[in-house]
Amino acid sequence: MSARVPLLPAIAEDVAAGRRSAVEIARAALAAIREADGTPEAGLNAFLSAGGDAVEEAAAAVDETIRRGEASGPLAGVPVAVKDNLCTVAFPTTCGSRILEGYRSPFDATVVRRLRDAGAVIVGKTNLDEFAMGSSTENSAFGPTRNPHDRTRVPGGSSGGSAAAVAAGLVPAALGSDTGGSVRQPAAFCGIVGIKPTYGRVSRYGLVAFASSLDQVGTFGRTVYDATLLLQTIAGPDPLDSTAAATPVPDWLADLDAGADGLVVGVPREFFPPELDPRIARLCHDAAERLAAAGADVREVSLPHTEYAIPTYYVIAPAEASSNLARYDGVRYGLRAPGADSAVAVYEATRSLGFGAEVKRRIMLGTYALSAGYYDQYYGTAQRVRGLIARDFREVFATGVHVLLTPTTPSVAFRLGEKLEDPYQMYLADIFTVTANLAGVPALSLPIGTVDGLPVGGQLIADRWQEGVMVRAAAALERALAG
Amino acid sequence: MSTMQWEPVIGLEVHVQLATSTKLFCADSAEFGAAPNSHVCPVCLGLPGALPVVNRRAVELGVRAALGLNCTVHEVSRFARKNYFYPDLPKGYQITQFEQPIATGGWLEVEERDGSVHRVRIRRIHLEEDAGKSLHDRLPGRTAIDLNRAGVPLIEIVTEPDLRSPAGARAWLTQLKQVLEYLEVSDCDMEKGSLRVDANVSVRPAGSAEFGTKTEVKNMNSFSAVEKALAFEIARQTDLLERGGTVVHETLLWDAARGEARPMRSKEESHDYRYFTDPDLPALVVDRAEIERIRAALPELPAARARRFRDQYGLPAYDAGVLTATRELADYYEAVAARAGDAKAASNWVMTDVLGWLNQQQCALSELRVSPEGLADLIRMVAKGTISATMGRRVFMRMAETGRSAADIVQAEGLAQVSDEAQLEQWADEVLAAYPAELERYRSGEERLFGFFMGELMKKSRGRADPKRASAILRGKLAPR
């Protein structure tokens, strides 16, 4: 593996110094997107919308700021892609769904506003599994995204468009959202870095809700530094989101290069089951050894309730989704199926036509889990198990462990269509990532090697609000693997 | 034919709109009556990506109401989602409270006609947002939706089944409205929908410890409608049971025009609301210090105030009740009494003249042009004998018509009482000289004509003669020589 140099500071410095213009950089990114994306049948299909006057204007505004000698932001002129479940005024926000085809939000998500305030130029909106429900980006109503490493394979999901766009070099950084692994799993499949912060670290205002108690906006970059810088830009309290914590955001970049010396790294045995590809297990153990060699204290630990994570997640997430998606009823905005002659008929026809199969499956699962007579058995039980999973993490971090090291996924990127007919196999693609969402802890994925020429991701998980030590460990590992 | 006595059992669910300027989860105006869909934003429209943020003023008013109704306010409560599809419900769920409401376990007493006090327990009070309005009469053949009301803050007050008669329910609701108005938590205007009542009602054999099957009655637009609907439904259930039938648990809609309650279509009520904690809102925390701060600022409530009026001012129970009907009236009365220095006279003036005027003019106390200070000054003028009581009543009406002070009116119109002996003698002489025949009859023993002479004298003085002195002078002149 080659040493990885951060991309974002170089771009921002060039733009700030007037060596390159934001307009020229945005145009180049858009040209690359057009060329790579091609058609949904043939190309990468990473973007659902890109370019337009708004992009030119935003980039020109950055250049103008610099020409006037005013302070430019830390992301001046950096082209960024945004997952299409984050609200933007400048682009449609479809969530990869027919039901919101062409929908324009009247407001920008808080994270989008913060990126713009930092000087970033949002060049387009990326493809995703419909309403972020999926692990392959095949559930998009607008065609699947392909993996830039092998176009017969999926990029992972649900933030597959953002991951593919960064991996293909179309943009240096992107935003995604992670409800059960939707940033980390595609980061792993595409060979880049993806961070899911602590629940409450980043505002969800303008993130179209899938499962509100699990959803967090996350970041993609080619390097730990880039993904961290992007996170630093969007993190922090927001009066528009009551679940965004008041917790202060430290300067994570300041300690990024502090190394692995003194770090206690836990390797949880439940994340190495027999069905895990042994070559992936080997790469994880290699990574652990590299960290040990760099001064970390590596120990085996246990998170005993891990095996219940998937069933717990697939009760809680669909339950919340069934309620969150009730608003797509054809009454106020979005699709309204023609010909219906009563309110109930409008709902039935619109939702039948507008939602894809996976979304319908989860709405039904969730409705069932919350229904009278089944609530305790399903939703109630899942909430209790969620508490036990969170306790597992608290207990292991209370022993002095700083970060946990696990594989991000049980396999490398699978082939397009391979798991489409078997939802349960598809759900297992998130087996190592969902616990972090259930416990609300931060986690990231970074490349730790390849199997059959395809990227493999390693996952680092830290305690709540401990993104600092997590990115520091990731940077140390990134360096150790490069060296 | 049956000799069985049936006892009605009634519980109420009262929705009260809180008097905030903005909605429960966004900054839109909560004002009533604006152009349709002019008070909306991404949050109350349920746009993708929008999130609720709780309005602390609404929480404070909810806590105030709960404390005023003797409830236990919980430091930690939670919002829940009540899921159902309806075109005027933008998110497909209503944000309300379910398992952990903000307050539980209160009560409110109402005084019965016989003077006994009946306590109705309050099971819970929860905070919730209102839905929008479906308008079926605006566009021919279509339903229009106005979302101005969507997200407006409400509290729902749920009683225990402690009421036993339609009249009792009405009396309790009247008391509840009075308390809520005193607390200034709501305008309680039923016409604007600020106060809405649903009732649960069942009947059981008198003396039975078990409840009968209840029905829920909705769509009652006034307290009198509540009383009528309950009477109707109790009679219906009683009749059904006496004929050997069984009551079906269902929801009925009161039709005021026809005077009957009819079942809702079963489709409309077969909801499974799938309540669960709203993940968009953290636990609602109102700490002990805040609860105590709100408690300390509670006004004196009507029952306590009426009791004090009896004790402090020596007013009869009825008068104390009338004067404490609204906080505004009670404040008015106390201001008059304090300045006039005569609580009893103040009570008479406020009950007779002020309320009489408001009733006659069909206007509100806030519109009255006579300030409490102005009325007190008038009362003192009467007490000092500057004007007579009868003249005082006329002056009050002039004050109410013109907004001028009593002193101004009395001076400008020359209404001050005349006690000057010479002037009174002159008027007496003139009256006696004008009616020689009557004088003759009086002197022959027809003494009841004294009142006639007195009336003529008052007329001559245009009501200004000091009646006591005038009467003494007249008697002196009529006395046998």
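Undergrad: I would appreciate a short explanation of the overall build of chain B in the present structure.
TA: Per the secondary structure count, chain B includes 17 helices and 16 strands. For 481 residues, the compact-globule estimate of 2.2 N^0.38 gives 23 Å, and the C-alpha radius of gyration of chain B, at 31 Å, exceeds that figure by more than 25%. When its C-alpha atoms are laid out on the principal axes, chain B stretches across 100 × 60 × 50 Å. In chain B, buried positions account for 38% of the 481 residues.

Undergrad: I'm lost on the overall build of chain A in this one. Help?
TA: Broken down by element type, chain A carries 15 helices and 11 strands. Taken over the C-alpha trace, chain A has a radius of gyration of 21 Å; the compact-globule value for 483 residues is 23 Å, and the two agree within 12%. Within chain A, the fraction of its 483 residues that count as buried is 62%. Counted over contacts in chain A with a minimum sequence separation of 6, partners at least 24 positions apart contribute 76%.

Undergrad: Even after reading the chapter, I still don't get the interface of chain A and chain B, so can you show me in this structure?
TA: By a widespread convention, an interface's size corresponds to the accessible area lost as its parts come together. Residue-level contacts link 34 residues of chain A with 24 residues of chain B. Those elements giving two or more residues to the side of chain A that touches chain B turn out to be helix H9 (309-324), helix H10 (343-354) and helix H11 (357-370) of chain A. Here the side of chain A that touches chain B gets three residues from one element, more than from any other, and that element is H9 of chain A. Tallied by class, residues from the side of chain A that touches chain B come to 18 nonpolar, 10 polar and six charged.

Undergrad: Even after reading the chapter, I still don't get the domain arrangement of chain A, so can you show me in this structure?
TA: Residues and elements named next belong to chain A. Each assigned domain of chain A is listed here: domain 1 (8-255) and domain 2 (311-376). Listed as interface residues are 20 residues of domain 1 and, on the opposing side, 18 residues of domain 2. Looking at the side of domain 1 that touches domain 2 residue by residue, the class counts come to 10 nonpolar, seven polar and three charged.

Undergrad: Can you walk me through the environment of Phe-432 of chain A in this structure?
TA: Residue and element names in this part refer to chain A. Tracing the backbone through its elements, the reader meets Phe-432 in the loop between helix H13 (423-427) and helix H14 (434-439). Using a count of 30 C-beta atoms within 10 Å as the deciding quantity, one classes Phe-432 as buried. In the structure, Phe-432 is positioned 23 residues away from Thr-409 in sequence and 6.1 Å away in space, judged by C-alpha atoms. The contact partners of Phe-432, leaving out residues within four places of it in the chain, are Phe-271, Thr-406, Pro-407, Thr-408, Thr-409, Pro-410 and Gln-459.

Undergrad: Got a minute to help me understand the sheet that holds strand S7 (residues 264-268) of chain A in this structure?
TA: Strand pairing in a sheet is mediated by backbone hydrogen bonds. Such pairs are either parallel or antiparallel. All names here are of chain A. Spatially, 11 strands are ordered S1-S3-S2-S4-S6-S5-S10-S11-S9-S7-S8 in an open sheet, and the strand pairing comes out mixed. Here the strands that pair on one side only, and so sit at the sheet edges, are strand S1 (47-50) and strand S8 (297-301). Within the sheet, the average angular offset between the axes of one strand and its neighbour, ignoring direction, is 30°. In the packing of helix H5 (residues 160-167) onto the sheet, the strands contacted are S1, strand S2 (79-83), strand S3 (121-126), strand S4 (173-178), strand S5 (193-196) and strand S6 (216-221), and the crossing angle to S4 comes to about 155°.

Undergrad: Would you mind going over the domain arrangement of chain B with me for this structure?
TA: Residues and elements named next belong to chain B. Considered domain by domain, chain B is made up of domain 1 (6-293), domain 2 (300-412) and domain 3 (421-478). Each of domain 1 and domain 2 has a C-alpha centre, and the two are 37 Å apart. At the junction of the two partners, domain 1 supplies six residues and domain 2 supplies six residues. The element contributing the most residues to the side of domain 1 that touches domain 2 is helix H3 (residues 166-183), with four residues.

Undergrad: Whenever I open this one, the environment of Ile-33 of chain A confuses me. Can you help?
TA: Residue and element names in this part refer to chain A. Inspection of the secondary structure assignment puts Ile-33 in helix H2 (residues 22-37). Ile-33 sits in the buried class, given 24 other C-beta atoms within 10 Å. Measuring from C-alpha to C-alpha, the distance between Ile-33 and Ala-50 comes to 8.0 Å, with 17 residues separating the pair along the chain. Ignoring sequence-local partners within four residues, the contact set of Ile-33 consists of Phe-47, Ala-50, Gly-124 and Leu-170.

Undergrad: Help me out: how do you make sense of the nonpolar core in this one?
TA: Here is a general trend for soluble globular proteins: nonpolar side chains tend to be buried in one another's company. Ranked by internal contacts, the top residues of the largest apolar core, which has 234 residues, are Val-80, Val-121, Val-123 and Leu-460 of chain A. Not counting the four nearest positions on each side in its chain, Val-123 of chain A is found in contact with Ala-26, Ala-29, Leu-30, Ala-50, Gly-51, Val-55, Pro-79, Val-80, Ala-81 and Val-171 of chain A. Formed by 32 residues, the second largest nonpolar core is a distinct cluster that contains Val-336, Ile-387, Phe-396 and Leu-415 of chain B.

Undergrad: Explain helix H12 (residues 389-402) of chain B to me, please; I cannot follow it from the model alone.
TA: Residues lying three or four places apart along an α-helix face the same way, a consequence of the helix completing one turn every 3.6 residues. All names here are of chain B. Taking 1.5 Å per residue, 14 residues should reach 20 Å; H12 reaches 20 Å between its end C-alpha atoms and fits that length. Restricting attention to buried positions, one finds in H12 the residues Met-391, Gly-392, Val-395, Phe-396, Met-399 and Ala-400. Looking at the packing, one finds that the buried side of H12 touches helix H10 (343-361), helix H11 (372-384) and helix H13 (406-412). Backbone geometry just after H12 places Gly-403 at a positive phi near 80°.

Undergrad: What should I look at first to understand the sheet that holds strand S10 (residues 153-159) of chain B in this one?
TA: Here we have nine strands laid out as an open sheet, ordered S2-S6-S7-S10-S1-S11-S12-S13-S14 (chain B), and mixed in their pairing. The sheet terminates laterally at strand S2 (72-73) and strand S14 (260-263) of chain B, the two strands that pair on one side only.

Undergrad: Sorry if this is basic, but what is going on with the environment of Arg-475 of chain B here?
TA: All names here are of chain B. Secondary-structure assignment places Arg-475 in helix H17 (residues 467-478). Judged by C-beta crowding, with 13 C-beta atoms within 10 Å, Arg-475 ranks as partly exposed. For the pair Arg-475 and Met-454, spaced 21 residues apart in sequence, the C-alpha to C-alpha distance is 9.6 Å.

Undergrad: Help me out: how do you make sense of unusual backbone geometry in this one?
TA: Among all residues except glycine, the phi angle is most often negative; among peptide bonds, the trans geometry is most common. All names here are of chain A. Cis peptide bonds are those with omega within 30 degrees of zero, and the linkage from Gly-157 to Ser-158 qualifies with 10°. Among the structural elements, Ser-158 can be located in the loop between S3 and H5. You will see that Ala-132, though not glycine, has its phi angle at about 70°, which is positive. Tracing the backbone through its elements, the reader meets Ala-132 in the loop between S3 and H5. Unlike most non-glycine residues, Asp-452 shows phi in positive territory, near 55°. Inspection of the secondary structure assignment puts Asp-452 in the loop between strand S10 (443-451) and strand S11 (454-462). On the neighbour-count criterion, Asp-452 (9 C-beta atoms within 10 Å) is exposed.

Undergrad: Explanation requested: the pairing of S10 of chain A in the structure shown.
TA: In summary, the side chains of a regular strand alternate between the two faces of the sheet. Residue and element names in this part refer to chain A. Where S5 meets S10, three bridges bridge the pair, whose relative direction is antiparallel. In the sheet register, Ile-195 faces S10, and the bridge partner there is Leu-444. Here S10 runs beside S11; their pairing, made up of eight bridges, is antiparallel. Bridging across to S11, Ser-445 finds its partner in Gln-459. Hairpin geometry of S10 and S11 is characterised by an intervening segment of two residues between the two adjacent antiparallel strands and by a positive phi of about 55° at Asp-452.

Undergrad: Would you mind going over the packing of H9 of chain A against H11 of chain A with me for this structure?
TA: A packed helix pair is summarised by two numbers, namely the angle formed by the two axes and the spacing between the axes. All names here are of chain A. Between H9 and H11, the shortest axis-to-axis distance is 7 Å and the interhelical angle comes to 100°. The orientation of H9 relative to H11 falls into the category roughly perpendicular. Contacts between H9 and H11 involve Tyr-314, Val-315, Pro-318, Ala-319, Glu-320, Ala-321 and Ser-322 on the former and, on the latter, Arg-362, Ile-363, Leu-365, Gly-366, Thr-367, Ala-369 and Leu-370. Class assignment for the residues of the contact of H9 with H11 results in nine nonpolar, three polar and two charged.

Undergrad: Help me understand the confidence of the model for chain B in this model?
TA: Low pLDDT means the predicted coordinates in that region are not meant to be read closely. This prediction gives chain B a mean pLDDT of 93; 98% of its residues lie at or above 70. For this predicted complex, the interface confidence score (ipTM) comes to 0.96, while the overall pTM stands at 0.91.

Undergrad: Would you explain the pairing of S7 of chain A in this entry?
TA: Residue and element names in this part refer to chain A. Taken together, the five bridges between S7 and S8 define a ladder with parallel strand orientation. When the bridges of S8 are listed, Val-267 appears paired with Glu-300. In this sheet, strand S9 (residues 403-407) lies alongside S7 in parallel orientation, the contact comprising two bridges. Paired with Val-265 across the two strands is Val-403, which belongs to S9.

Undergrad: Mind showing me how you'd approach helix H2 (residues 56-68) of chain B here?
TA: Residue and element names in this part refer to chain B. The terminal C-alpha atoms of H2, which comprises 13 residues, lie 18 Å apart, in line with the 18 Å expected from a rise of 1.5 Å per residue. Burial analysis of H2 places 10 of its 13 residues in the buried class, which makes it a mostly covered element. Those residues of H2 lying buried are Ala-58, Val-59, Leu-61, Gly-62, Val-63, Arg-64, Ala-65, Ala-66, Leu-67 and Gly-68. Positive backbone phi, approximately 65°, marks Asn-70, located one or two places after H2.

Calculation criteria
Residues numbered from 1 in each chain as written. Chains lettered and ligands numbered in written order. Predicted model: local features only at pLDDT ≥ 70, side-chain atom pairs only at ≥ 80, totals over all residues. Helix = DSSP H or I, 4+ residues; strand = E, 2+ residues; numbered from the N terminus. Rg over C-alpha atoms; globule rule 2.2 N^0.38 Å. Buried ≥ 20, exposed ≤ 12 C-beta atoms within 10 Å, placed from the backbone. Contact = placed C-beta atoms within 7 Å. Nonpolar A, V, L, I, M, F, W, Y, C, P; charged D, E, K, R; others polar. Domains from an automatic or database assignment. Pairing = 2+ DSSP bridges. Axes fitted to C-alpha atoms, helices over the stretch in contact; angles between N-to-C directions. Core = buried A, V, L, I, M, F, W, Y, C linked by C-beta atoms within 7 Å. Expected span 1.5 Å × (residues − 1). Parallel < 35°, antiparallel > 145°, perpendicular 65-115°, else oblique. pLDDT = per-residue confidence, 0-100.

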